[in-house]
Amino acid sequence: MSEANEYKMSAQEIEIYKASTVQSTPASSTTSSETAFSPPGSPPAQKIHTIFPGRFRVLVCGRAGVGKSTVVDRIFGLNGEYIQNGPKGVPDINKEYISSQNHRIIIHESNGIEPKESSNMNQVAMFLTHRAKKSGDEMLHCIWYCIDISDDQPVRDGDLKFFESKAYKKVPVVILFTKKDVYVNRLLASGGGKLGPADVVRELDLKVKDIIGNRLKVPQISAVVLAHNEPDTFSYLESVTMGLFSSEKLKLLWIQAQQLNCSEKIATSVDVGLRGYGLAGFSSWLPIPFSGMVVASGVIYRATQSICEVWNVGYGSVNLLQILDEGIKGTMIEAGVAVAELVVTGGVALFFKGVWDSPRKAKLVMRAVADAILINDMIYWKQRREPLLVTDDVLKSIVAEYKQKKQKEVAKFVDKTVGVFDIKKAISGDLARKTVLDACNEFREKSL
């Protein structure tokens, strides 16, 4: 381990550092619910239940060599694609970069702003003004402004000019202080071996506060310090960016685009996957043959599609519906039993069928949602280990692996929680969410 690695901040030191240096742009500076943003780390105002089409659009600013490509590549899981194929030379801020590996993100890039080159600042101002008039995925959702903290002159006149302008103030901005590891190495070398971890944290804290408070004069802006050899710093950037938004739509666009925070994807998948849960349970009480089967099947299909959109791991959601084979067969068998009972009892069974059918449908939907989430989770981690193109054959192989290793255990977990005839548990949306979330946390891939 290198000396710089030994000076990574402890968990406690990171929390102290976050509290002392990272603040947020007030939500009151925006004018609509769609563009509203809130302090980093703020809990969502509501659960996310609806999938929105569209892409997350981000502008990455900073001088050449500051590390813009590395940030984009890591946050959006592009496996080196942006580093290799991103803009070269002087980028055109108006040009959209859409990755072949992540169709949920649109990237714009701009070099640092030099005051002697007024055309550059004018281009940035015109771009921001133009995008401010747009909505949906045509609007600009976020700016990442990169500053090399290891540079002897991290803030230059062009940076001052940008933050003095009014053009950016309708878009949430995060300042990314890159190359912390390089800065720490230089700091240690200059200290002659006399500096400890606490000294490093203090010096870093003072430099960041001086830049955002005294030089740029934006003390309320969000800021994150990134180190190439510290993955947690990139995870924190993801969290800060997520916390910028109060709009449900923008939160979901971000969750779909980012490929760094698996837990966010799981929690959101549970919410969108169970949005038709109550309807599936209610259908069991309708005195109509096949009603439960039809409604439950529809709920499961839509849930699977929504979950696949949240994960955004590079394949069509329709292909994953093969995991529902057993569940759909189960509803067909139940429908056959219902028809048989209708003939034998003269229709009396239909009146009482909700007593035993409602828990069955509840468990069926919960198992299907958990299955879809956990299969996407497996694909996600396989892609983190090595670049993986999810073809139909690859997907079939992963589904088969899931069925062999996890599916039966997941079913047992769900069935044990709900029981057989406990209608109260079967119709409880809160219990369903907790059950699926607990199942996912129990059986998810734990690490690389």
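Please refer to the structure placed before this passage.
Scoring rules and cut-offs
Residues numbered from 1 in each chain as written. Predicted model: local features only at pLDDT ≥ 70, side-chain atom pairs only at ≥ 80, totals over all residues. Heavy atoms only, no water. Core = buried A, V, L, I, M, F, W, Y, C linked by side-chain atoms within 4.5 Å. Buried < 20%, exposed > 50% of the residue type's maximum accessible area, 1.4 Å probe, protein only. Helix = DSSP H or I, 4+ residues; strand = E, 2+ residues; numbered from the N terminus. Contact = heavy atoms within 4.5 Å. Axes fitted to C-alpha atoms, helices over the stretch in contact; angles between N-to-C directions. Left-handed = near helix turned anticlockwise from the far one by under 90°. Nonpolar A, V, L, I, M, F, W, Y, C, P; charged D, E, K, R; others polar. Pairing = 2+ DSSP bridges. Arc of directions from axis to C-beta. Polar contact = N/O pair within 3.5 Å; in protein donor to acceptor, adjacent residues only side chain to side chain. Phe/Tyr/Trp six-rings, centres within 6.5 Å; stacked < 30°, edge-to-face > 60°. Lys NZ or Arg CZ within 6 Å of the ring centre and 35° of its normal. Parallel < 35°, antiparallel > 145°, perpendicular 65-115°, else oblique. Salt bridge = Lys/Arg side-chain N within 4 Å of Asp/Glu carboxyl O. Disulfide = S-S within 2.5 Å.

1. Side note on the nonpolar core
In terms of nonpolar packing, the biggest core is built from 74 residues, with F76 and W144 touching the most fellow members. No other element matches helix 16 (residues 348–385), which puts 15 residues into this core. With near-sequence residues (within four places) excluded, F76 lies in contact with V58, N102, I105, W144, W254, A257, Q258 and Q259. By size, the runner-up hydrophobic cluster in this structure holds 35 residues, among which are I93, M121, F127 and F163.

2. Observations concerning the packing of helix 11 (residues 262–273) against helix 19 (residues 429–443)
Contact geometry of helix 11 with helix 19 gives a least axis separation of 10 Å together with a crossing angle of 145 degrees. Considering how the two elements wind past one another, helix 11 and helix 19 form a crossing that is right-handed. Counted together, I266, A267, V270 and D271 of helix 11 and R433, V436, L437 and C440 of helix 19 form the full contact between these two elements. For the contact of helix 11 with helix 19, a count of residues per class yields six nonpolar, no polar and two charged.

3. Examining the pairing of strand 1 (residues 56–61)
Within strand 1, six of the six residues are buried, which leaves the element mostly enclosed by the surrounding structure. The two faces of strand 1 match: F56, V58 and V60 on one face and R57, L59 and C61 on the other face are all buried. As paired elements, strand 1 and strand 4 (residues 142–148) share four bridges and run parallel to each other. When the bridges of strand 4 are listed, L59 appears paired with I143.

4. Some points on helix 6 (residues 157–164)
All buried positions along helix 6 are accounted for by G158, D159, F162 and F163. The arc that holds the buried residues of helix 6, viewed along the axis, is 130 degrees, so those residues lie on one side. Turned more than 90 degrees off the buried face of helix 6, the exposed positions are D157 and E164.

5. Notes on the side chain of D151
Mapped onto the elements of the fold, D151 is located in the loop between strand 4 and helix 6. Polar side-chain contacts of D151 include one of 3.2 Å to the side chain of R156. Discounting residues that sit within four places of it in the chain, D151 has contacts with R63, R156, R186 and K207.

6. Section: the packing of aromatic side chains
This model, assessed by the stated rule, comprises 12 aromatic pairs. One aromatic cluster is present, built from ring pairs that chain together F56, F76, W144, F245 and W254. Lying across the ring of F234, R74 places its NZ or CZ 4.4 Å from the centre. The ring of Y380 is capped by R384, whose NZ or CZ atom sits 4.6 Å from the centre of that ring.

7. Quick look at the environment of L320
With respect to the helices and strands, L320 occurs in helix 14 (residues 317–320). Relative accessible area serves as the criterion here: at 0%, L320 is assigned to the buried category. Between the C-alpha atoms of L320 and D371, which are 51 residues apart in sequence, the distance is 10.0 Å.

8. Here's the deal with the packing of helix 3 (residues 68–75) against helix 9 (residues 231–243)
The contact between helix 3 and helix 9 brings their axes to 10 Å, and the two run at 75 degrees. Our classification of the angle between helix 3 and helix 9 gives roughly perpendicular. Side by side, helix 3 and helix 9 meet where V71, R74 and I75 of the first sit next to P231, F234, L237 and E238 of the second. Partitioning the contact of helix 3 with helix 9 into residue classes produces five nonpolar, no polar and two charged.

9. A few points about the pattern of salt bridges
This model, assessed by the stated rule, comprises 20 salt bridges. A salt bridge links E401 to K382; the shortest N-O distance between them is 3.2 Å. Here K382 lies in helix 16 and E401 lies in helix 17 (residues 392–418), a separation of 19 residues in the sequence. The class of E401 is partly exposed, set by a relative accessible area of 22%. The structure contains a network of salt bridges with shared partners spanning R57, E96, R131 and E138.

10. Digging into the state of the cysteines
Taken as a whole and assessed by the stated rule, the structure comprises zero disulfides. Of all cysteine sulfurs, the one in C61 lies closest to C146, which takes part in no disulfide; the gap is 8.0 Å. Exposure remark for C146: the relative accessible area of 3% places this residue in the buried category. C262 takes part in no disulfide bond, and the closest cysteine sulfur, belonging to C440, lies 9.6 Å away.

Read these as spatial facts, not as claims about activity.
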